[in-house]
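Now for the letters of each chain:
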Amino acid sequence: MTPALQVRNMSKTFGGVQAIADVSFAVAPGTVTALIGPNGAGKTTLFNLITNLQPATGGTVELFGQPIGALTAEAIAGLGLIRAFQTARVFPGMTVVENVAVGAHRLMQTPGWRQMLATPGARREERAIRERAELLLDIAGLFDMRNRAATELPMGAQKLLEVIRALMAAPKLLLLDEPAAGLNDTETAELSAMLSAIRDRGITLLVVEHNMSLVMGLADQIVVLDAGRTVAIGPPAEIRRNRAVIEAYVGREDA
Amino acid sequence: MLSFVQILIGGLLQGCVFGLLAVGFSLIYRVAAAVNLAQGAFCIIGALITSTCEQNLGLPVAVSCLLGVMGTGLLATVLGQTVFVPGLGRLPTSAMFILTVGILTLLQGGALVVWGSQAYTLISFSGERPIAVLGLRIPPQGLWMIGVAAFIAGALAFLLMRTRVGRAFRACAENPMAANLMGIGVRRMQLLSFVLAAVIGATGGIVIGPTTSFQFDTGGMYTIFGFISAVIGGIGSPLGAIVGGLCLGIATQLAAAYVSSLFANALALALLLAVLLWRPSGLFSSGAARREDVREETRIHRAVVRLGLRRGGIMAAIGAVLILGVIPWTLGSSGLMSSIIITGILFIAVLGLDLLMGFAGQVNLGQAGFMAIGGYTASILVVRYHLPPLLGTLAGIGLSLVCALLLAAGALRLRGLYLAIATLAFGLLVDSLSVGLDGLTGGPSGLVGIPSFSVAGFVFDTPLKNYYLVAGILCVVLAALTAGIRGGFGRALLAVRADPLAAAALGIPVRRYKIAAFCISAALGSLAGSLYGFYFHFLSPEMVGAPVSLQMLAMLLIGGEGTLVGPLCGVAVLTLLPTLFQPLALYKTAGSGLLLILFSLYLPSGIYGTLVAWLTRDRSPRSPLVAIERSAQ
């Protein structure tokens, strides 16, 4: 089967520093892959390379078999690869519900001028988007806040909002950068349930995460990065026993 | 050959003054990462104070000059302490631009009140007799200009590179937060750079004073040329500022001598646009560019102004009754009607500006340029080629769209600061072309004999008919824009404004949306310009010149940007108040500057935004159920 994401020999240098060195891995459709590693291992950089927010020095990325290395960030999102950022990037100056609705942009059929003429088709589409946005907000428990400015939400809610916004874009592959950072235990448990629900609906997930219990409970495959290199790739049970991983990552964190 | 060298020297002298102004820009940019568009006004204030000391108080030249510099320094200290430095702490870069436009307008308006609108000049420092050097005649004041410029440039270089203050300046530029933690009084340094730049500007103005005449609003021109010099040289670099000033001075003098003085400005601006598009960081780029990039990432925090469907509907209904019934019934025949029509026409142009600045977040300092293109194209086609007015108007819109696309193709790649200067240059370019192409446009005295607007034989020849024409167009445009803004189009624009990177990551084509907003804005500006001509039966460069761009900016900000209907408040305040209270007309410029400053600092969401925030404020206590749910979590 064609993998949802195939990363081959990815590398990136900043000046003389090798941030990512020859990283390769594949993500099977409908699974959760966790990307872990100590701080500075290059996890966020790898995300930026995959979504082409930063140009790679070498290597290729394929999304469902299609090479995307030469595409712009917009075009990549257009193919269904959607990401959420490490620090939530909700849009200031917009309400909560607008922040969610804007996620549906890549799916919109009516061009701007038809929206301006308020054609029946444009209005129907707009109503559908609003309804879907409000439904997602209801599921996430943010419905009461829908007409507030998004920046008024507490940090945890903003991160949740960003995940919902990404879901509005009907992603095929969803990239999440430390979704549990800054969340308390209850919120983390809710997030975990939500992520597995997303996976069960056939959306492939690639998640950078530090919270090991979340990762071990959720991931089908774990990729361990250290200093820009892959230390290990495998299912959680295998990673847990891997000596190199314990030395590179777990050992250091315990110290 | 000799005359060529003579022209070169003239350019060099002019360039020295541009260079001094540019140094001021660079200094402030280095320390505060902001562009101070009031820079040129300090020049003129210095020269005006000196002139008063010489002419009215009869003080010796040297004392007058000293008083001029000190007076300007004092004024700059007050303005820096109360306006500029507080603004730096709370406004994003683009809003700082507008704040300094406010300072510029306030200073010009203040000068108008104090010194009136007549032209002044200064006494030469050391006689008028030219000094002959190798067969070339150099006015002694020219030597003063070169000497003062060289001294200030040298002293500034020493200050920046060799002293503790200079090191502190550079630290503030690199990282204000870290500088603060290291015990550097960042705010004090920002104030110091602001005052120092003003003093340098005043010195430049006083030194050039004897060779030229100046009046209350000459400062705007100095600001523009100083800013252009700084950008050509590479903003933030003091050496680049001087070199940029010299290049610009020589280029304008050569153009004036060999082409036409009417086109000198146009060529200078074309030069700037070329430099901007090929080498946006200028001839000498400075390390400050990194800082700009960092700043660009800081998020804008803006109030969310949403009236909601029900309240919005009520407002729209009240507005419709007022516009279609009450106003024409009660004021139909009064003298106020004309001002109301002008308000409506300007509002069309400001609506475009609002879409571009308030929603897409792109600074445009040249909206009046599109008004001029639309106005002149339509008028010329109708007056000289007897085209129907509607076709003329459409042709104007077409030409504006072509210009907008050309400008956008290059300029929208540029960010913040550079986009602003490119649009400013565009507005000035159109401005100087409309003066320069006098065979076509009637030159400075304007184009006369423009007929009334007419469609299919129906002539809009009375004020009331014109009123309904403008009101009708406004209703259609407003309805279309409101519908677009409420839907995906508006959401995409807001997202692009708030965070282009995150918008792109959601698949929003950022560039396409910016260009679309720019084109709509240009088309509306153009339409307003055409209507202006048809209504007044007359069009002059003054009516659609560069200062009008800045006025429309003030209207937008005061009314409330990003709200579509809000700017109407701003347009109405600045257009109707001076008409209603004639004695206020003298204070109009100063007043609009002051309002611009007050609104940028204290009411950034404008009259309308503040009103809506008050209307929609949370009055209901939380329902007990929600409170219980909250505490359970």
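Predicted model only: the values in this text are computed from it and were never measured. (Residues numbered from 1 in each chain as written. Chains lettered and ligands numbered in written order. Predicted model: local features only at pLDDT ≥ 70, side-chain atom pairs only at ≥ 80, totals over all residues. Heavy atoms only, no water.)

Visitor: I'm lost on the overall build of chain B in this one. Help?
Guide: Along chain B, the regular secondary structure elements total 27 helices and six strands. The C-alpha radius of gyration of chain B comes to 25 Å, within 12% of the 26 Å expected for a compact globule of 633 residues. Projected onto its principal axes, the C-alpha positions of chain B cover 80 × 75 × 50 Å. By residue count, 55% of the 633 residues in chain B fall in the buried class. Long-range contacts, defined here as pairs at least 24 residues apart, represent 79% of the contacts in chain B between residues at least 6 apart. For chain B, the centre of its 34 positive side-chain charges and the centre of its 17 negative side-chain charges are spaced 8 Å apart. (Helix = DSSP H or I, 4+ residues; strand = E, 2+ residues; numbered from the N terminus. Rg over C-alpha atoms; globule rule 2.2 N^0.38 Å. Buried < 20%, exposed > 50% of the residue type's maximum accessible area, 1.4 Å probe, protein only. Contact = heavy atoms within 4.5 Å. Lys, Arg positive; Asp, Glu negative; His and termini not counted. Charge placed at Lys NZ, Arg CZ, Asp CG, Glu CD.)

Visitor: Quick question: what am I supposed to make of the pairing of strand β10 (residues 229-234) of chain A here?
Guide: Looking down a regular strand, the side chains alternate between one sheet face and the other. Inspection of the sheet shows strand β9 (residues 221-226) of chain A paired to β10 of chain A by five bridges, in the antiparallel sense. Pairing of Leu 225 of chain A across the sheet is with Thr 230 of chain A, part of β10 of chain A. (Pairing = 2+ DSSP bridges.)

Visitor: Looking at this structure, I do not really get the packing of aromatic side chains. What am I missing?
Guide: Each aromatic ring pair is characterised by the separation of its centres together with the angle its planes make. The tally for this structure, following the rule as stated, stands at 14 aromatic pairs over all chains. Between Phe 453 of chain B and Phe 534 of chain B, the aromatic rings sit 5.4 Å apart at their centres with planes inclined by 65 degrees, giving edge-to-face as the arrangement. Of this pair, Phe 453 of chain B sits in the loop between β3 (447-448) and β4 (454-455) while Phe 534 of chain B sits in helix α22 (residues 510-536); the two residues are 81 residues apart in sequence, bridging distant segments of the chain. The structure contains a cluster of three or more aromatic residues connected by ring pairs, namely Phe 453, Phe 458, Phe 460 and Phe 534 of chain B. We note Arg 89 of chain A situated over the ring of Phe 85 of chain A; from NZ or CZ to the ring centre the distance is 4.7 Å. Across the ring face of Phe 143 of chain A, the terminal group of Arg 146 of chain A is positioned such that the distance to the ring centre comes to 4.1 Å. (Phe/Tyr/Trp six-rings, centres within 6.5 Å; stacked < 30°, edge-to-face > 60°. Lys NZ or Arg CZ within 6 Å of the ring centre and 35° of its normal.)

Visitor: Hey, could you run me through the interface of chain A and chain B in this one?
Guide: It is common to report an interface's size as the accessible area lost on association of the parts. Across the boundary between the two partners, chain A contributes 36 residues, which contact 38 residues of chain B. Overall, the association of chain A and chain B removes approximately 2900 Å² of surface from exposure, summing both partners, and the carbon and sulfur fraction of that is 61%. Three residues, Arg 89, His 105 and Met 116 of chain A, lead the burial of chain A against chain B; their summed loss comes to 23% of the area buried on that side. Our count for the chain A to chain B interface comes out at two salt bridges. (Buried area = accessible area lost by both parts, 1.4 Å probe. Salt bridge = Lys/Arg side-chain N within 4 Å of Asp/Glu carboxyl O.)

Visitor: Please explain the side chain of Asp 354 of chain B as it appears in this structure.
Guide: All names here are of chain B. For Asp 354, the position within the fold is in helix α14 (residues 336-359). Note on Asp 354: relative accessible area 0%, which makes it buried. Here the side chain of Asp 354 touches Thr 563 through a polar contact of 3.3 Å, landing on its backbone nitrogen. Of note is the side chain of Asp 354, whose polar atom sits 2.7 Å from the backbone nitrogen of Leu 564. Apart from the residues within four sequence positions on either side, Asp 354 is in contact with Phe 359, Leu 556, Glu 561, Gly 562, Thr 563, Leu 564 and Pro 567. (Polar contact = N/O pair within 3.5 Å; in protein donor to acceptor, adjacent residues only side chain to side chain.)

Visitor: When you look at the environment of Asn 242 of chain A in this model, what are you seeing that I'm missing?
Guide: Inspection of the secondary structure assignment puts Asn 242 of chain A in the loop between α9 (236-241) and α10 (243-254). Residue class for Asn 242 of chain A comes out partly exposed when judged on its relative accessible area of 25%.

Visitor: Mind showing me how you'd approach the sheet that holds strand β1 (residues 5-14) of chain A here?
Guide: Sheet strands line up and pair through hydrogen bonds in the backbone, either parallel or antiparallel. Residues and elements named next belong to chain A. The strand order across the open sheet formed by four strands is β2-β1-β4-β5, and the pairing between neighbours is antiparallel. Because the sheet does not close on itself, it has two edges, and the strands there are β2 (17-27) and β5 (66-67). When β1 meets strand β4 (residues 58-63), the two strands line up antiparallel, connected through five bridges. Residue Ser 11 lies in a different strand from β4, and its bridge partner there is Gly 58. Against the sheet, helix α1 (residues 43-50) engages β1, β2 and β4, with an angle of about 115 degrees to β1. (Axes fitted to C-alpha atoms, helices over the stretch in contact; angles between N-to-C directions.)

Visitor: Teacher, can you tell me more about the pattern of salt bridges here?
Guide: One side chain can pair with another of opposite charge once the charged atoms of both are near each other. All told, the structure shown has 10 salt bridges over all chains when counted by the stated rule. For Lys 465 of chain B, the salt bridge identified is with Asp 461 of chain B, shortest N-O distance 3.1 Å. Judged by relative accessible area, Lys 465 of chain B falls into the partly exposed class, the value being 31%. Residues Arg 497 of chain B and Glu 561 of chain B are paired through a salt bridge, measuring 4.0 Å at the closest nitrogen-oxygen approach. Note that Arg 497 of chain B is positioned in helix α20 (residues 488-498) and Glu 561 of chain B in the loop between α23 (546-559) and α24 (566-580), a separation of 64 residues in sequence. As far as the burial class goes, Arg 497 of chain B and Glu 561 of chain B line up, both buried. Connected through salt bridges with shared partners, the residues Glu 126 and Arg 130 of chain A together with Arg 491 of chain B form a single ionic network.

Visitor: Is there a simple way to explain the domain arrangement of chain A in this structure?
Guide: Residue and element names in this part refer to chain A. One can read the domain layout of chain A as domain 1 (5-90 + 169-254) and domain 2 (92-152). Inter-centroid distance (C-alpha atoms) of domain 1 to domain 2 is 28 Å. Each partner contributes to the interface: domain 1 provides eight residues, whereas domain 2 provides seven residues. Together, the buried faces of domain 1 and domain 2 total about 560 Å²; carbon and sulfur atoms form 55% of this surface. Linking domain 1 with domain 2 are zero salt bridges, by the criterion used here. The interface formed by domain 1 and domain 2 contains three residue pairs in polar contact (both at pLDDT 80 or more). Broken down by class, the residue content of the side of domain 1 that touches domain 2 amounts to six nonpolar, two polar and no charged. (Domains from an automatic or database assignment. Nonpolar A, V, L, I, M, F, W, Y, C, P; charged D, E, K, R; others polar.)

Visitor: Teacher, can you tell me more about the side chain of Glu 209 of chain A here?
Guide: Residues and elements named next belong to chain A. Note on placement: Glu 209 falls in the loop between β8 (204-208) and α8 (212-218). Buried charge without a partner: Glu 209 forms no salt bridge, and the closest opposite charge is Lys 159, 6.8 Å away. A polar atom in the side chain of Glu 209 sits 3.0 Å from the backbone nitrogen of Ala 180. At a separation of 3.0 Å, a polar atom in the side chain of Glu 209 contacts the main-chain amide nitrogen of Asn 211.

Visitor: What is the right way to look at the confidence of the model for chain B in this model?
Guide: As a note on interpretation, predicted positions should not be read in detail where pLDDT is low. Of all residues in chain B, 91% have pLDDT values of 70 or greater, and the mean over the chain is 83. In the model output, the complex is listed with pTM 0.86 alongside ipTM 0.89. (pLDDT = per-residue confidence, 0-100.)

Visitor: Explain the environment of Leu 322 of chain B here, please?
Guide: Structurally, Leu 322 of chain B is set in helix α13 (residues 309-331). Those residues in contact with Leu 322 of chain B that sit more than four places away from it in its chain are Ile 327, Pro 328 and Tyr 467 of chain B.

Visitor: I keep staring at the sheet that holds strand β6 (residues 81-84) of chain A and nothing clicks. Help me out?
Guide: Residues and elements named next belong to chain A. As summarised here, the arrangement of the six strands in space is β6-β7-β8-β3-β9-β10, forming an open sheet in which the pairing is mixed. This sheet does not close on itself; its edge strands, each paired only once, are β6 and β10. Direction aside, neighbouring strands of the sheet carry axes that sit 15 degrees apart on average. Relative to β8, strand β3 (residues 32-36) runs parallel, the two sharing four bridges. Along β8, the bridge assignment pairs Ala 34 with Val 207. Packing against the sheet, helix α6 (residues 155-168) makes contact with β6 and β7 (173-177), and its axis sits at approximately 165 degrees to β7. Here helix α7 (residues 185-200) sits on the sheet and contacts β3, β7 and β8; the angle it forms with β8, its principal contact strand, is near 150 degrees.

Visitor: Looking at this model, I keep getting lost on the pairing of β9 of chain A. Mind explaining?
Guide: Residue and element names in this part refer to chain A. Among the six residues in β9, five count as buried, and that is most of the element. Where β3 and β9 come together, four bridges link them in parallel fashion. From the neighbouring strand, Leu 35 faces β9, where its bridge partner is Val 223. In sequence, β9 turns back onto β10 through a hairpin of two residues, with Ala 227 there showing a positive phi of about 50 degrees.

Visitor: Please clarify how helix α10 (residues 238-258) of chain B should be interpreted in this entry.
Guide: Structural remark: α-helix, 3.6 residues per turn; residues separated by three or four positions point the same way. Compared with an ideal rise of 1.5 Å per residue, which puts 21 residues at 30 Å, α10 of chain B spans 30 Å between its outermost C-alpha atoms and is within 8% of the ideal. Of all the positions in α10 of chain B, only Gly 240, Ala 241, Ile 242, Gly 244, Gly 245, Leu 248, Gly 249, Thr 252 and Ala 255 of chain B are classed as buried. (Expected span 1.5 Å × (residues − 1).)

Visitor: In this structure, what is going on with the nonpolar core? I would like to understand it.
Guide: Taken as a class, soluble globular proteins show a tendency for nonpolar side chains to be buried jointly. In this structure, Phe 227 and Met 552 of chain B are the most contacted members of the largest nonpolar core, which totals 249 residues. Sort the elements by how many residues they give to this core and α14 of chain B lands first, with 17 residues. Among the domains, domain 1 (5-90 + 169-254) and domain 2 (92-152) of chain A are the pair contributing at least three residues each to this core. If near-sequence neighbours (up to four positions away) are discounted, Met 552 of chain B is found in contact with Leu 346, Ala 349, Val 350, Leu 353, Gln 367, Ala 368 and Met 371 of chain B. Formed by 24 residues, the second largest nonpolar core is a distinct cluster that contains Met 10, Phe 25, Leu 81 and Leu 175 of chain A. (Core = buried A, V, L, I, M, F, W, Y, C linked by side-chain atoms within 4.5 Å.)

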